[in-house]
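What follows is the residue order along each chain.
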Amino acid sequence: MAPFEPVLTRGLGRLDLTDLSVYEAQGGFGALRKALRDMTPEAVVNEVSASNLRGRGGAGFPTGRKWSFLPNDGRPRYLVCNCDEAEPGTFKDHMLLEQTPFQIIEGLVISAYAIRAERAFMYIRGEFLEGYRIFRRALETARERGYVGPRIAGSDFSLDIVVHRGAGAYICGEETAMLESIEGKRGEPRLKPPFPANAGLYGMPTVVNNVETLCCVPHIVERGAQWFSSIGPPKCPGPKIISVSGHVRKPGNYEVPMGIPAGQLIEEYAGGLEPGRRLKAIQPGGGSSAAIFEEDLDTGLDFDSLAAKGTMLGSGGFVVMDDRTCLVRAALTLVRFFEHESCGQCTPCREGGQWVARMVGRLEAGEGSNADLAILRTLNRTLTGTNLCPLGDSIMPFLSSVLRRFPEEFETHVTQAGCPLAAEQAVAAGAGA
Amino acid sequence: MTNGRRMVRLTIDGTSLEVPEGTLLVEAAKSIGVHIPVYCYHPKMDPAGLCRICLVEIEKMPKLQIACNTQVAEGMVVHTASSRVAEGRRGVLEFLLLNHPLDCPICDKGGECDLQDFTLTYGPGASRLTEPKLHKPKAVDLGPTIVLDEERCILCRRCTRFDNEITHERRLIVVERGHRSLIGTADGKPYTSYFSGNTTEICPVGALTSKAYRFRSRPWDLSHADSVCTQCSVGCNYRIDSRFGRIMRTYTRENPAVDDGWICDRGRYTFNYLYEPSRLRQPLIAVDGELKAATFDEAIALTAEKLGRAAQARRVGIIGGGRLSDEEAFALQLLARDVLGSDNIDYRASAQKYASPPRYEARLADIDDASLILIFGAVTPEQAPIADLRIRRAVARRHARLLFVGPFVPPAFVPSRHVPYAPGEIAPLMRALADVVHHGREEQGEGFVAEIAQALAQAEKIIAIHNGRDPQAVEALDALLDRLAQYDHPVGVLVVGAAGNARGAEAAGCVPNLGPGYAPLGRTGMTTARMLDAAARGEIDALFIAGANPALTFPDGALVRRALERVEFLAVSEQVMTETAAYADVVFAAASFAEKSGHVTNLEGRQQPFHQAVEPPVQVATDAQILAALAHALGKPWVISAEPAVLFSQLEKMQRPARTRSSRDPLPRPCVDDPVPVPDPASWPDGLTVIPIPHLYAGGGAAAHDPGLAPMRPQPFAVFHPQDAQQRGVADGTRVRLRGPGGEIEVQARTGDHVPPGSVLVLADMPEAPVNKLTNASGYGVACVDAATVTASQELSA
Ligand SMILES: Cc1cc2nc3c(=O)[nH]c(=O)nc-3n(C[C@H](O)[C@H](O)[C@H](O)COP(=O)(O)O)c2cc1C
Ligand code: SF4
Ligand code: SF4
Ligand code: SF4
Ligand code: FES
């Protein structure tokens, strides 16, 4: 098998791909020309379906299938690019936005063509101010060169791209909350059904795709579905950018073939753990995912393999925790995040999230009780799977997984009224002095 | 198939059932008596899926599903009482109770609270929460009517959704996020919706409470009486809840055809005037120009003598009926015709001329599927609020077009089109429309005619709504609708009544030329205007006015005042001291609707029974009793019964022919006076056309005396076009005096570009500043701004 060549990140770090001529010199916008000149929209949809591309935003939904759900009823259709990236541990879209904006634009135009959208929306996380500026500039350039706007690249297809900045809420990354936000309303997930394919932005058929998903599209058009699906597991193939952070020697974004074993990613790409350290836990798919452990290092990083392990690839935020990590503290960081970001619409997430955060906070502070632990062990039954959107269902998975795997660490927080690791480290520090 | 919908078979808790496709599980379960608890779900609103209490188990689905947003599917097997469901519900209740203050013992909702009830049925035995509860603001003043307890709030958002989906006013919102979420108002402005009280009912807990009812009673101590609101002509059904003979609150009593389960705040809160010192509690007789307490018998004897004597001389008149029950309106015309031998009887104490459309009678529910709603004259948000909710729904949710024709842009909460027409121009417009529609030349009409004609021609169903004031326009509308009906457009008309039972009075025979059931008499007595005119000229000696306040509401105010001053004897039957009663020689203390039983007829002609809720004060009599006593004293006791049931059976017989007539036969119409032209503003120096505008809380009777309405009641105001205001040096908020040929009033000035230049909108029916001092019989007037008042008051307000 040929060694894996970066696809989405090709040239990054070496070339200034925010320069249109550099992007073009690397073959950029060739796919756009090809699609608009030689392919019907259906042909593009079919190619993407055949590639088995699955959404990179978190849920891994087959992109071609999503596109084919749109009803053919003459209503206007919209495409929304989700660049709200706020999942803890995930920073790949941020990079794509700042370093290769034309790739996003090319993906947007081709995808809009495929679904016959007349208008596309680029939703950029509010904190990505620099990325927003870069993207705006790139969009202007693309418009000047006729890649966006009326009659793109001499074809009959016209598309306008509207850039919308978020205002700092994680929940606006959820696709229906994003639609509300674009409509100028409070960013809160909508009740489904109806689904965006039927009643999305302004009530019209709408597709929401992640930045990285859209970036895959030009390459599929250019090099064919077969090429794409030959990378990694056939059911969820393709290149995938994993954001590696935590206790590794070389944290960063790595583009890898889908399905690469977790251990290989750590060793071959991220430089391994620091000497003398032992792996304790990994969050493989962002803050919403349950942890995997030492014994899972040969698990492939792809949607299906991780689902089989009771966790998920999610957005590809890969957080490594070594033996210095207090898992109560790690869990606290996450449950506080969800408590803070809950939109508050539904009862379990709003009230339960706050309750869990208080209990874990107590445990971490050494004020917890066995009763708290007993409650936490039952809460995933009433707090998970009972919410309106996946945010509420994300509060418990990491906490439950580490509580199950390292119960003694939690219990010691109760019996010793505080963190044993902190005490250990203090002793170690004292001994070293 | 039901209504063309396919039937779906499913199983709920072992019972197999068939329901139309699209049915929500929660409703399907209800249909077989299986109760699924809900908080956020409300049958009148879109499912929201927020509270998660309605979780059920559906076979083949891995997760519990919410019954409030899951539609039935063929072969679905649902469990609502499995242990998984019980666990899910217990979980949700546990979450809800975590920070709930548990102040049930002092909570208004206690006893009718869904949180209490579901916790008892499905909840956890004891709270597992060991830490102190989080606190949120309590007793938050949301506006003039509502107090909010944020700690009791379970954030089901029924209130904000009601405010958004039902009223379309968007005043209530959620502020903050997550568990810090609070219910608040947009921009922090007071919550002043006319429909605010409904939120206290739909709130499943005791978070939203009404100031009127807070801490006044416990639900289980209340007695209930089914009644009908008579504060406007919509006739919403409601329940009067009383305790120890005193009204504590009113509550919706859903009638889908009329109120759809809502009542407005005017209807809900107008009852505390009954307990004010200004409530008339015994008859009064004027002695040396001053009204003094008298006995009922004295009042009857004096009135009977005066009326009898005047009747003999054919110099008697009777005004009223629009605020009586159907039975009493019937009795009132019996007094005129069968006791006093006079046809001088007229319910029309305001500018309204007709209360019933002669043909094409619409029902309120016809608004629901109208594709075009054409309104002129009536201001439905102010005069028929609950009907206006239907209009809002038809426009916002069912894409009806809303077209206002008239001199000013009325308030609207949904998209609408205003077509400017000056008072007096509506009739010619209707005629022009009939003409182009008749000839199929819709696009050729001049000016706005083409636009409206095309809208009419395109509409699948047209509902016209007006206020029955302009007989010529009504005539022309009828001709127009005839043309449209010929082309198979379903059409219908609703006439918004100026008084709550205007239509009932019209149908009971309180007009000079028609008897009960619109029966033409072949002769005619005097209209209100003619009676007043005759009285002012000394040609009528005695007037009896029952439940009407022409001194405030009759458009030619100068005439009323002259008439009431001049007439030798005036008897008035009223609940509170009104502007009209102030002129009286005898005042009868009359019972309110809550203190009697009978029927009222709403604007669509629906005759609805209402039942007595409380006893009137001892010396207070019902109008039926007063009228029967007068008949008795006048020697004809057999003519008028004091018993509503007896009166009703007589009336019903006489009304039957009109009810069962063919829809093509027009109803005979009440006679009207010759039209009086709208005054020419040029006839008065610096003159502006005075256009009276209605307001939900205006009025001189109950509304003026009810402490519950006081915070909502507007100060008298006039709205100028900004240009006119500027020319006259009038600024927003200054007090100005408006002077016309007939008198002057002082009002607060406002400006708005919904006012046509050259006109001024003046709040109608305000005792402090009666607009009828400025208007003539046309209902419009002319006035200028008294320059002296402008500067003087500006300094004051500065
Ligand atoms: C709480 C929450 C946050 C999310 N944030 C993001 C995000 O930042 N970026 C993103 O692409 N998808 C996010 N998603 C997933 C989106 O809802 C949606 O599934 C995705 O944008 C679809 O794109 P894809 O099919 O290309 O993956 C989020 C979902 C949830 C529930
Ligand atoms: S799960 Fe949480 S974030 Fe999602 S809708 Fe419910 S309250 Fe909002
Ligand atoms: S105030 Fe009442 S109706 Fe409104 S959200 Fe709270 S509980 Fe629901
Ligand atoms: S709309 Fe009219 S009848 Fe209905 S509650 Fe309000 S005032 Fe009463
Ligand atoms: S009633 Fe179903 S979620 Fe609230």
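Owing to the predicted nature of the structure, the values given are computational and were not obtained by experimental measurement. (Residues numbered from 1 in each chain as written. Chains lettered and ligands numbered in written order. Predicted model: local features only at pLDDT ≥ 70, side-chain atom pairs only at ≥ 80, totals over all residues. Heavy atoms only, no water.)

## Some words on the side chain of B:Asn255
Part 1 of the reasoning: Relative to the helices and strands, B:Asn255 is located in the loop between β13 (246-252) and α6 (265-269).
Part 2 of the reasoning: With a relative accessible area of 16%, B:Asn255 lands in the buried category. (Helix = DSSP H or I, 4+ residues; strand = E, 2+ residues; numbered from the N terminus. Buried < 20%, exposed > 50% of the residue type's maximum accessible area, 1.4 Å probe, protein only.)

## Quick notes on the site of ligand 2
Part 1 of the reasoning: A:Cys343, A:Cys346, A:Cys349, A:Cys389 and A:Gly392 are the nearest of the 13 residues found near ligand 2.
Part 2 of the reasoning: The residue inventory of the shell around ligand 2, partitioned by class, reads 8 nonpolar, 5 polar and no charged. (Near = heavy atom within 4 Å. Nonpolar A, V, L, I, M, F, W, Y, C, P; charged D, E, K, R; others polar.)

## Examining the domain arrangement of chain B
Where interface size is quoted, it is often the accessible area lost as the parts come together.
Part 1 of the reasoning: Taken domain by domain, chain B comprises domain 1 (7-81), domain 2 (129-275), domain 3 (284-345 + 500-660), domain 4 (364-495) and domain 5 (681-797).
Part 2 of the reasoning: If you average the C-alpha positions of domain 1 of chain B and of domain 4 of chain B, the two centres end up 41 Å apart. (Domains from an automatic or database assignment.)

## Thoughts on the site of ligand 4
Part 1 of the reasoning: Around ligand 4, the structure places B:Cys229, B:Gln231, B:Cys232, B:Gly235, B:Cys236, B:Ile263, B:Cys264, B:Gly267, B:Pro385 and B:Ile386.
Part 2 of the reasoning: For the shell around ligand 4, a count of residues per class yields 7 nonpolar, 3 polar and no charged.

## Quick word on the interface of chain A and chain B
Part 1 of the reasoning: Listed as interface residues are 35 residues of chain A and, on the opposing side, 35 residues of chain B.
Part 2 of the reasoning: Counting the contacts that link chain A with chain B gives 4 salt bridges.
Part 3 of the reasoning: In this structure, the salt-bridge partner of B:Glu87 is A:Arg381, at a minimum N-O distance of 2.7 Å.
Part 4 of the reasoning: One can count 16 residue pairs in polar contact (both at pLDDT 80 or more) joining chain A with chain B.
Part 5 of the reasoning: Breaking the side of chain A that touches chain B down by element, the ones donating at least two residues are α13 (327-341), α14 (347-364) and α15 (370-383) of chain A.
Part 6 of the reasoning: Here the element with the most residues in the side of chain A that touches chain B is α14(A); it accounts for 9 residues. (Contact = heavy atoms within 4.5 Å. Salt bridge = Lys/Arg side-chain N within 4 Å of Asp/Glu carboxyl O. Polar contact = N/O pair within 3.5 Å; in protein donor to acceptor, adjacent residues only side chain to side chain.)

## Section: unusual backbone geometry
Part 1 of the reasoning: Geometrically, the link from A:Lys192 to A:Pro193 is a cis peptide bond, its omega value of -10 degrees lying close to zero.
Part 2 of the reasoning: Position of A:Pro193 relative to the elements: it lies in the loop between α8 (175-182) and β4 (206-210).
Part 3 of the reasoning: That bond from A:Pro193 to A:Pro194 is cis: its omega, 5 degrees, falls within 30 degrees of zero.
Part 4 of the reasoning: Within the secondary structure, A:Pro194 sits in the loop between α8 and β4.
Part 5 of the reasoning: Positioned with a positive phi, B:Asp686 is a non-glycine residue whose angle comes to about 60 degrees.
Part 6 of the reasoning: Its location among the elements puts B:Asp686 in the loop between α19 (644-660) and β30 (688-693).

## Re the sheet that holds strand β12 (residues 237-243) of chain B
Residues and elements named next belong to chain B.
Part 1 of the reasoning: Taken in spatial order, the 3 strands line up as β11-β12-β13 in an open sheet, and their pairing is antiparallel. Sheet topology places β11 (223-228) and β13 at the edges, where each strand pairs with a single neighbour. Sheet twist, expressed as the mean angle between neighbouring strand axes with direction ignored, is 30 degrees.
Part 2 of the reasoning: Direction of pairing for β11 relative to β12: antiparallel, over a ladder of 6 bridges. What sits directly across from valine 228, in β12, is asparagine 237. (Pairing = 2+ DSSP bridges. Axes fitted to C-alpha atoms, helices over the stretch in contact; angles between N-to-C directions.)

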